[in-house]
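What the coordinates show
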Amino acid sequence: MEMQLPPHEGDELSVVDMHTGGEPLRIIHSGYPEVKGDSVLSKRRYVREHLDHLRRVLMFEPRGHYDMYGALVVDSELPEADLGVLFMHNEGYSTMCGHAVIALGRFAVDYKLVKEPQSPETQVNIHCPCGLVKAFVEYSEGKTGGVRFLSVPAFTFATDVTVSLERFGDVTVDISYGGAFYAFVDAKRFGLDVTTSRTRDLVDAATAVTNAVKSQVKLYHPTSDDLAFLYGTILTDGKDDYSSDPTANMCVFAEAQVDRSPTGSGVTARVALQYHRGLIQLNQTRTFQSGATGSQFTGRAVEETKCGDFKAVVVEVSGRAFYTGVSRFVQEPEDKLTHGFLLK
């Protein structure tokens with residue numbers, strides 16, 4: 001017997017759930033109101049100001065959880081884009097998300113958002129708030145597989161920046177951009193290991209760094225003030241010298257949200273940082289491992305470029321995404337918790 005929703009009021013919100021390296025992605029398929037704006041960045045501002053209640057409905061409990069992540073497909077103003085996308089999480093709306101791009105690449109081909117898929121790869125141009133990201137989806141005999149994407153120009157903003165943390169004292173961090181800004185620091189500075197330490201201890205240390213950088217370092221981006229904010233902190237295993245062995249990291253972003261994957265935009269920023277320091281050359285592939293799940297992405301700098309006055313690189317990141325289900329959500333007016341809540 002087909003599952004049917006009981007009688008209810010209001011629109012249904014239909015979603016497709018996926019994960020990339022363990023990190024969830026809830027793709028909103030239908031039921032969202034019109035998102036107004038003449039650009040993807042202006043649409044991001046519009047949903048933040050006018051539709052944020054729906055982010056809470058879909059990301060928060062009882063339909064989501066503290067670490068849920070979402071994507072809303074929107075129209076793009078760029079003629080070369082196959083789709084635009086807005087990313088959402090427990091705090092608001094990010095400017096770039098690599099794990100989501102990997103999942104959206106498969107989704108776009110499987111849900112026919114691109115015409116006539118090509119073998120062995122189908123190109124999907126995804127307009128993210130940070131810019132156009134080109135994804136390439138493995139395609140053979142009607143089935144999609146792994147995905148690689150080419151980043152927006154990624155660059156090192158500053159190295160060896162000292163910030164003062166109330167609990168940990170002075171800490172030296174690097175700040176790099178991969179579609180979003182991240183602070184990088186070796187977890188050993190806090191006596192921690194990204195693969196074996198308690199998640200709560202890693203979150204506390206990373207959050208302290210994020211708060212310090214936000215209050216003590218002024219960021220800017222050459223193309224838009226909307227991009228000039230610190231998204232999170234990535235704790236690493238310190239293995240930045242080039243090696244064929246995996247290097248592990250854990251990203252804590254937004255409101256102390258933990259990425260289960262190696263973090264696609266974080267890998268982009270970390271490759272840009274390693275290239276800036278002369279630790280990796282063009283087309284040298286590194287494997288990045290999630291400290292949370294052990295899942296892996298690969299990353300490599302493929303081209304030198306510029307972003308304003310910053311020397312930058314285009315980074316290729318590769319990974320796999322998988323479907324976990326589809327859902328139809330409703331809101332009942334008598335439900336006092338229908339708008340969502342979080343346990344911290």
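One can find the structure itself at the top, above this paragraph.
What comes next concerns the included structure. (Residues numbered from 1 in each chain as written. Predicted model: local features only at pLDDT ≥ 70, side-chain atom pairs only at ≥ 80, totals over all residues. Heavy atoms only, no water.)

1. Looking at the overall build of the protein chain
- For the protein chain, the helix and strand inventory stands at five helices and 17 strands.
- A compact globule built from 344 residues would reach a C-alpha radius of gyration of about 20 Å, and the protein chain, at 20 Å, matches this within 12%.
- Summarising its shape, the C-alpha atoms of the protein chain cover approximately 60 × 45 × 40 Å along the three principal directions.
- Taking all contacts inside the protein chain whose residues are at least 6 apart in sequence as the whole, residues at least 24 apart take part in 63%.
- Accessible area of the protein chain: about 15,200 Å², with a carbon and sulfur share of 47%.
- Here the protein chain contributes 34 positively and 45 negatively charged side chains, and the mean placements of these two sets differ by 2 Å. (Helix = DSSP H or I, 4+ residues; strand = E, 2+ residues; numbered from the N terminus. Rg over C-alpha atoms; globule rule 2.2 N^0.38 Å. Contact = heavy atoms within 4.5 Å. Areas by Shrake-Rupley, 256 points an atom, 1.4 Å probe, with all protein chains shown as cover. Lys, Arg positive; Asp, Glu negative; His and termini not counted. Charge placed at Lys NZ, Arg CZ, Asp CG, Glu CD.)

2. Focus: helix α5 (residues 264-276)
- Taking 1.5 Å of rise per residue, the 13 residues of α5 would be expected to cover 18 Å, and the 18 Å separating its terminal C-alpha atoms lies within 8% of that figure.
- The element α5 is extensively covered by neighbouring structure, given that twelve of its 13 residues are classed as buried.
- Burial in α5 covers these residues: Gly264, Ser265, Gly266, Val267, Thr268, Ala269, Arg270, Val271, Ala272, Leu273, Gln274 and Tyr275. (Expected span 1.5 Å × (residues − 1). Buried < 20%, exposed > 50% of the residue type's maximum accessible area, 1.4 Å probe, protein only.)

3. Observations concerning the state of the cysteines
- Summed over the entire model, instances satisfying the criterion amount to zero disulfides.
- Here Cys128 stays free of any disulfide, with the sulfur of Cys130 as its closest cysteine sulfur at 5.0 Å.
- Here Cys251 stays free of any disulfide, with the sulfur of Cys97 as its closest cysteine sulfur at 9.4 Å.
- By relative accessible area, Cys251 is classed as buried at 0%. (Disulfide = S-S within 2.5 Å.)

4. Looking at the nonpolar core
- One finds Phe87 and Phe190 to be the most contacted residues of the largest nonpolar core, which totals 91 residues.
- With eight residues, helix α3 (residues 98-110) is the single largest residue contributor to this core.
- Leu13, Val40, Tyr46 and Phe60 belong to the second-largest nonpolar core, a separate cluster that totals 21 residues. (Core = buried A, V, L, I, M, F, W, Y, C linked by side-chain atoms within 4.5 Å.)

5. Observations concerning a nonpolar patch on the surface
- A contiguous nonpolar surface patch, about 340 Å² in accessible area, is contributed by Tyr111, Leu113, Tyr323 and Val326.
- Locating Tyr323 in the fold gives a position in strand β17 (residues 321-329). (Patch = residues over 30% accessible without salt bridge, like charges linked within 9 Å, V, L, I, M, F, W, Y side chains within 5 Å. Salt bridge = Lys/Arg side-chain N within 4 Å of Asp/Glu carboxyl O.)

No statement about biological role is implied by the geometric values presented.
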